[in-house]
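# Descriptive structure summary
The lines below spell out each chain.
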Amino acid sequence: WKAEPKNFFWRTCFNYLLSRGVTAKDMLKYHIGYCSSGMYKGMIIFPNFDSYGKLTYFTTRSFLRNSSVKFINPPYNRNIIGFELQLNWSQPIILVESALDAITVKRNGCPLYGTSLSSTFKQACFEHGVEQIYMCLDPEAFTNSLKHSIYFMNNGIDVYYVKIPENEDVNSIGHSGIWNLIYRSKKLTQNDLFEFQIKEMIA
């Protein structure tokens, strides 16, 4: 991210990322890029690498204010592990929806690139002996959060449900805000799951 003050795309992308709480250090750590031409012109590129540093996926986000297209995601298989290269499997995994959410978390954030669990991620959790998972999906993904929590708990993994306020997401809350919620979250019990299921049926 060497300064290119006369480059409109560089300057606009850099300022957009800063406005979303992404630092220059984050840009280097996560190998964030941008496109100034072609199919992804005006898009930030968030690459995803496996544990060997091989590119396995990427997502995009427009950094142009008046763009009518906010995302153009590649037609590739999502059966991958989000930000695998940056994960420390011996520490709790923080599950979020997007790459930007994971970058906001900074420490062990794992994007699902949506709200579904990949079979590759499930298998890796068991292979690495993951003991704790923090569920930080958006409020509208509560049904999936509940389903994933049941799956992990039934397989001996402790789950902490991080309640994101309505109309908010991890990135809008910010780094310090999301960690305040993470620290305040409690380990789910079977009774909690039962209560959540009742609420889901009533809703």
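Above: the structure in question.
For clarity, every value in this text was computed on a predicted model and none was experimentally measured.

End to end, helix α5 (residues 142-154) covers 18 Å across 13 residues, agreeing with the expected 18 Å (1.5 Å per residue, within 8%). Within the span of α5, buried status applies to F142, N144, S145, L146, H148, S149, F152 and M153. Downstream of α5 by one or two residues, G156 has phi in the positive range, about 80 degrees.

It is worth spelling out unusual backbone geometry at this point. Even without a glycine there, the phi angle at Y113 is positive, about 55 degrees. Assignment of secondary structure puts Y113 in the loop between β5 (109-111) and α4 (119-127). Overall, Y113 belongs to the buried group, its relative accessible area being 7%. Even without being a glycine, N167 presents a positive backbone phi close to 65 degrees. Looking at the element boundaries, N167 is found in the loop between β7 (158-161) and α6 (170-173).

In a beta sheet, neighbouring strands pair by backbone hydrogen bonds and run either parallel or antiparallel. Spatially, 3 strands are ordered β1-β2-β3 in an open sheet, and the strand pairing comes out antiparallel. The strands lining the two open edges of the sheet, one partner per strand, are β1 (33-34) and β3 (55-62). Strand direction decides the pairing type here: strand β2 (residues 43-49) and β3, joined by 7 bridges, are antiparallel. If you follow M43 over to β3, its bridge partner there is S62. Contacts between helix α1 (residues 8-19) and the sheet are confined to β1, β2 and β3, with β2 contributing the most and set at about 65 degrees to the helix.

Our focus in this paragraph is the packing of aromatic side chains. Under the definition given, this model contains 17 aromatic pairs. Here Y134 and Y160 contribute two aromatic rings whose centre-to-centre distance is 4.5 Å and whose plane-to-plane angle is 15 degrees, an arrangement assigned as stacked. With Y134 in strand β6 (residues 132-135) and Y160 in strand β7, this residue pair connects regions lying 26 residues apart in the sequence. Within the aromatic cluster, the residues linked to one another by ring pairs are W89, F121, F126, Y151 and F152. Lying across the ring of W179, R107 places its NZ or CZ 4.1 Å from the centre.

Ranked by internal contacts, the top residues of the largest apolar core, which has 34 residues, are I32 and I178. Taken together, the elements giving at least two residues each to this core come down to α1, β2, β4 (93-96), α3 (99-105) and α7 (175-184). By residue number, the principal contributor to this core is α1, which donates 6 residues. Beyond its immediate sequence surroundings of up to four residues, I178 is in contact with V105, V162, I164, V170 and I173.

Thresholds, definitions, all that
Residues numbered from 1 in each chain as written. Predicted model: local features only at pLDDT ≥ 70, side-chain atom pairs only at ≥ 80, totals over all residues. Heavy atoms only, no water. Helix = DSSP H or I, 4+ residues; strand = E, 2+ residues; numbered from the N terminus. Expected span 1.5 Å × (residues − 1). Buried < 20%, exposed > 50% of the residue type's maximum accessible area, 1.4 Å probe, protein only. Pairing = 2+ DSSP bridges. Contact = heavy atoms within 4.5 Å. Axes fitted to C-alpha atoms, helices over the stretch in contact; angles between N-to-C directions. Phe/Tyr/Trp six-rings, centres within 6.5 Å; stacked < 30°, edge-to-face > 60°. Lys NZ or Arg CZ within 6 Å of the ring centre and 35° of its normal. Core = buried A, V, L, I, M, F, W, Y, C linked by side-chain atoms within 4.5 Å.

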